[in-house]
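Examining the three-dimensional arrangement
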Amino acid sequence: MTAPLAVVEQPQHAPPEAALSPPHHELPRVMAVTNQKGGVGKTTTTINLGACLAELGLRTLIVDLDPQGNASTGLGIENRGLDSSMYHVLMHEEPLENCVEPTDVRNLFVAPASLDLAGAEIELVPAFSREGRLRRAVEAVLDDYDYVLIDCPPSLGLLTVNGLTAAREVIVPIQCEYYALEGLGQLLRNVDLVRRNLNPELDISTIVCVMYDARTKLADQVVAEVREHFGDKVVRTIVPRSVRLSEAPSFGQPIIVFDPRSRGALAYRDLAQEVHHGGASQRTW
């Protein structure tokens, strides 16, 4: 008999209705990609979903809010010695447009993180209007983009709160592995807290299963359990575990550039189609 999945803090009841209400689909869309667990494919999803949306002709900005800066380096942006970065945007009210860098993918841009961002978590504590700094910065550039994807740190601190306050939607990548739903209950509660206190528009609109290994029964079990808990919030596309996906960031390229015919590239293209399909109207430039 198959052992049940080990789930810590698994939601025992349906998540708060307001936190999981139907997503907004008008452009521009601002989406925070978050999961408080590390190593779950959060940055991989941000980079590759962004690149595939850009490939569809949609102007896409990736905001790197993770002090590790992996979304920046994964798109070929060296995050050392930057004159302007997300640290300066949050702490010195530098206009976001001043730190945006183009990437090798047409229509894809990144606002990079620098190592200084690690200190911002502490520096923000006494700051005035600390939770809404990113929102104000993003609102100033929204007319320039169809999608803004915010890569949040794997924690629930002030940087992530800024990301959730700035966003209208939340994307949660869940890995198809043991303890897959660990911490999800706390994440749902935090999203609901932000929605009730700081950002009434916030919805968890998209849950995507990643790191799927077809050779294991466990992977299918995780997908089934995630679908049971979250219903139609879970997209149909499942992203496979892939060596090529893991290699691409070290070359500073999204998977559609690094290996455009790979399974990972096909999966993220499907995900971009599915995310964008929900009634978003094409903007004329």
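As a reminder, the structure under discussion sits directly above these lines.
The model shown is predicted, which means the values in this text are computed figures rather than measured ones.

**A few points about helix α1 (residues 42-55)**
- The end-to-end C-alpha separation of α1 is 20 Å, in line with the 20 Å expected for 14 residues at 1.5 Å each.
- One or two residues past the end of α1 sits Gly57, with phi positive at roughly 90 degrees.

**Details of the packing of α1 against helix α11 (residues 263-276)**
- Where α1 contacts α11, the two axes come as close as 8 Å, and the packing angle between them is 70 degrees. Between α1 and α11, the interaxial angle falls into the category roughly perpendicular. Side by side, α1 and α11 meet where Thr44, Thr45, Asn48, Leu49, Cys52, Leu53 and Glu55 of the first sit next to Tyr268, Arg269, Leu271, Ala272, Val275 and His276 of the second.
- A per-class count over the contact of α1 with α11 returns seven nonpolar, four polar and two charged.

**Looking at the nonpolar core**
- One finds Leu61, Met86, Leu96 and Ile150 to be the most contacted residues of the largest nonpolar core, which totals 56 residues.
- Discounting residues that sit within four places of it in the chain, Ile150 has contacts with Val30, Met31, Ala32, Val33, Val63, Leu65, Leu134, Gly163, Ala166 and Ala167.
- By size, the runner-up hydrophobic cluster in this structure holds 36 residues, among which are Leu58, Val105, Val235 and Ala248.

**Observations regarding the sheet that holds strand β2 (residues 60-64)**
- Pairing in this open sheet of eight strands is mixed, and the strands run β3-β4-β2-β5-β1-β6-β7-β8 from one edge to the other. Whereas interior strands pair on both sides, the edge strands pair on one side only; in this sheet they are β3 (101-102) and β8 (234-240).
- Note: strand β1 (residues 29-33) against strand β5 (residues 147-151), five bridges, orientation parallel. Its bridge partner lying in β5, Val30 is registered against Val148.
- Contacting β1, β5 and β6 (169-175), helix α6 (residues 158-166) runs over the sheet at an angle of about 155 degrees to β1.
- In the packing of α11 onto the sheet, contacts are made with β1, β5, β7 (203-212) and β8, and the angle to β8 comes to roughly 165 degrees.

**Observations concerning the packing of aromatic side chains**
- Taken as a whole, this structure holds three aromatic pairs when the rule is applied.
- Taking 5.9 Å as the distance between ring centres and 70 degrees as the angle between the ring planes, the aromatic pair formed by Phe109 and Tyr145 counts as edge-to-face. One end of the pair, Phe109, is in strand β4 (residues 108-111); the other, Tyr145, is in the loop between α5 (133-139) and β5, with 36 residues separating them in the sequence. Taken individually, Phe109 and Tyr145 each receive the classification buried, so the pair is uniform in this respect.

**A few points about the pairing of β8**
- Taken across its seven residues, β8 has five buried, putting it largely inside the fold.
- Taken together, β7, helix α8 (residues 217-230) and β8 constitute a β-α-β crossover, and its handedness is right-handed.

**A few points about empty space enclosed by the protein**
- Summed over the entire model, instances satisfying the criterion amount to one cavity of 30 Å³ or more.
- The wall of the largest cavity is formed by Thr44, Ile47, Asn48, Gly74, Ala248, Pro249, Gln253 and Pro254.
- Broken down by class, the residue content of the lining of the largest cavity amounts to four nonpolar, four polar and no charged.

**A look at the side chain of Ser114**
- Mapped onto the fold, Ser114 is located in the loop between β4 and α4 (117-123).
- When neighbours within four sequence positions are excluded, Ser114 is seen to be in contact with Pro67, Asn79, Leu82, Ser85 and Tyr87.

**Details of the layout of surface pockets**
- Approximately 480 Å³ is the volume attributed to the largest pocket.
- As for the largest pocket, its lining consists of 27 residues, and the residues nearest its centre are Gly41, Lys42, Thr43, Thr44 and Met211.
- Of all the secondary-structure elements, those providing two or more residues to the lining of the largest pocket are α1, α2 (70-73), β7, β8 and α9 (243-247).
- A class-by-class count of the residues in the lining of the largest pocket yields eleven nonpolar, twelve polar and four charged.

**Thoughts on the environment of Leu65**
- Relative to the assigned elements, Leu65 resides in the loop between β2 and α2.
- Judged by its relative accessible area of 0%, Leu65 falls in the buried class.
- As for Leu65 and Pro112, which are separated by 47 residues in sequence, their C-alpha atoms are 7.9 Å apart.
- Beyond its immediate sequence surroundings of up to four residues, Leu65 is in contact with Met86, Leu90, Leu117, Leu134, Ile150, Asp151, Cys152, Pro153, Leu159 and Gly163.

Each value, and the rule that gives it
- Residues numbered from 1 in each chain as written.
- Predicted model: local features only at pLDDT ≥ 70, side-chain atom pairs only at ≥ 80, totals over all residues.
- Heavy atoms only, no water.
- Helix = DSSP H or I, 4+ residues; strand = E, 2+ residues; numbered from the N terminus.
- Expected span 1.5 Å × (residues − 1).
- Axes fitted to C-alpha atoms, helices over the stretch in contact; angles between N-to-C directions.
- Parallel < 35°, antiparallel > 145°, perpendicular 65-115°, else oblique.
- Contact = heavy atoms within 4.5 Å.
- Nonpolar A, V, L, I, M, F, W, Y, C, P; charged D, E, K, R; others polar.
- Core = buried A, V, L, I, M, F, W, Y, C linked by side-chain atoms within 4.5 Å.
- Buried < 20%, exposed > 50% of the residue type's maximum accessible area, 1.4 Å probe, protein only.
- Pairing = 2+ DSSP bridges.
- Phe/Tyr/Trp six-rings, centres within 6.5 Å; stacked < 30°, edge-to-face > 60°.
- Right-handed = clockwise from strand over helix to strand, strands pointing away.
- 1 Å grid on protein atoms, 1.4 Å probe; cavity = no way out; pocket = protein on both sides within 12 Å on 5 of 7 lines; lining within 4 Å.
- Points joined across faces, edges and corners; volume = space filled by probe spheres on them.

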